[in-house]
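Residue-level listing of the chains:
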Amino acid sequence: MASLKVDKMNHYIMKELSLILRDEVKDPALRMCTVTSVSCTNDMSVAKVYVTFMKNQGKGLRALERCKGFIRSQLARRLKIRKCPELIFKVDESLEYGNRIEELIKNLGNLK
């Protein structure tokens, strides 16, 4: 179970990354990128950043990897901690999963 400090840092990193992606990163592949959640390790050395893309997910993920150094340097300027966590970007598939479950349930209702 994550501590309150880690939970606060997760929320703060999510907010700041969203602002950085919106205002600082100029890559057009990241225009439709949304940060859905952040999960830091207890020692805050690594942060898994879950993102979704409106379109072209593969291109967007490659763009994030290209910009990772710039994004991390911008984040380090905004965080009030000694060492900025390493960023690991992952595609958040929970929305797709939820939509698929909803579709299956809807189809079950049509069988009657």
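Conventions adopted
- Residues numbered from 1 in each chain as written.
- Predicted model: local features only at pLDDT ≥ 70, side-chain atom pairs only at ≥ 80, totals over all residues.
- Heavy atoms only, no water.
- Core = buried A, V, L, I, M, F, W, Y, C linked by side-chain atoms within 4.5 Å.
- Buried < 20%, exposed > 50% of the residue type's maximum accessible area, 1.4 Å probe, protein only.
- Helix = DSSP H or I, 4+ residues; strand = E, 2+ residues; numbered from the N terminus.
- Contact = heavy atoms within 4.5 Å.
- Lys, Arg positive; Asp, Glu negative; His and termini not counted.
- Salt bridge = Lys/Arg side-chain N within 4 Å of Asp/Glu carboxyl O.
- Polar contact = N/O pair within 3.5 Å; in protein donor to acceptor, adjacent residues only side chain to side chain.
- Pairing = 2+ DSSP bridges.

Undergrad: Before we go on, may I ask you to explain the nonpolar core in this structure?
TA: Soluble globular proteins: nonpolar side chains tend toward being buried together. If you look at the biggest cluster of nonpolar residues, it comprises 27 residues, and the most contacted ones within it are Leu17, Leu30, Leu64 and Ile71. Breaking this core down by element, the ones donating at least two residues are helix H1 (4–23), strand S1 (33–40), strand S2 (46–53), helix H2 (57–78) and strand S3 (86–91). For Leu30, the residues in contact, after removing those within four places along its chain, are Leu21, Val25, Phe53, Gly60, Ala63, Leu64 and Cys67.

Undergrad: Even after reading the chapter, I still don't get the side chain of Asp92, so can you show me in this structure?
TA: Summarising the element assignment, Asp92 is placed in the loop between S3 and helix H3 (94–110). Notably, Asp92 is buried but unbridged: the nearest opposite-charge side chain belongs to Lys90, and the N-O separation is 11 Å. Only 2.6 Å separates the side chain of Asp92 from the side chain of Thr36, close enough to count as a polar contact. If sequence neighbours within four positions are ignored, Asp92 has contacts with Thr36, Tyr50, Val51 and Thr52.

Undergrad: Would you take a moment to explain the environment of Lys26 for this structure?
TA: With respect to the element layout, Lys26 can be found in the loop between H1 and S1. Relative accessible area serves as the criterion here: at 61%, Lys26 is assigned to the exposed category. One polar contact links the side chain of Lys26 to the main-chain carbonyl oxygen of Asp23, over a distance of 3.3 Å.

Undergrad: Sorry, what's going on with the environment of Leu87 here?
TA: Within the secondary structure, Leu87 sits in strand S3. Judged by its relative accessible area of 0%, Leu87 falls in the buried class. In this structure Leu87 touches Leu17, Ala47, Val49, Lys68, Ile71, Arg72 and Leu75, once residues within four positions along its chain are discounted.

Undergrad: How should I be thinking about the side chain of Thr52 in this particular structure?
TA: Take Thr52: it is sitting in strand S2. Exposure remark for Thr52: the relative accessible area of 13% places this residue in the buried category. Sequence-distant contacts of Thr52, defined by excluding residues within four places in its chain, comprise Met32, Cys33, Thr34, Thr36, Asp92 and Leu95.

Undergrad: What exactly am I supposed to notice about the pairing of S1 here?
TA: Consecutive side chains along a regular strand alternate between the two faces of the sheet. The pairing of S1 with S2 spans seven bridges and is antiparallel. Of the residues in S2, the one forming a bridge with Cys40 is Ala47. Hairpin connection, S1 to S2: the antiparallel pair is bridged by five residues, and Met44 has positive phi, about 60°.

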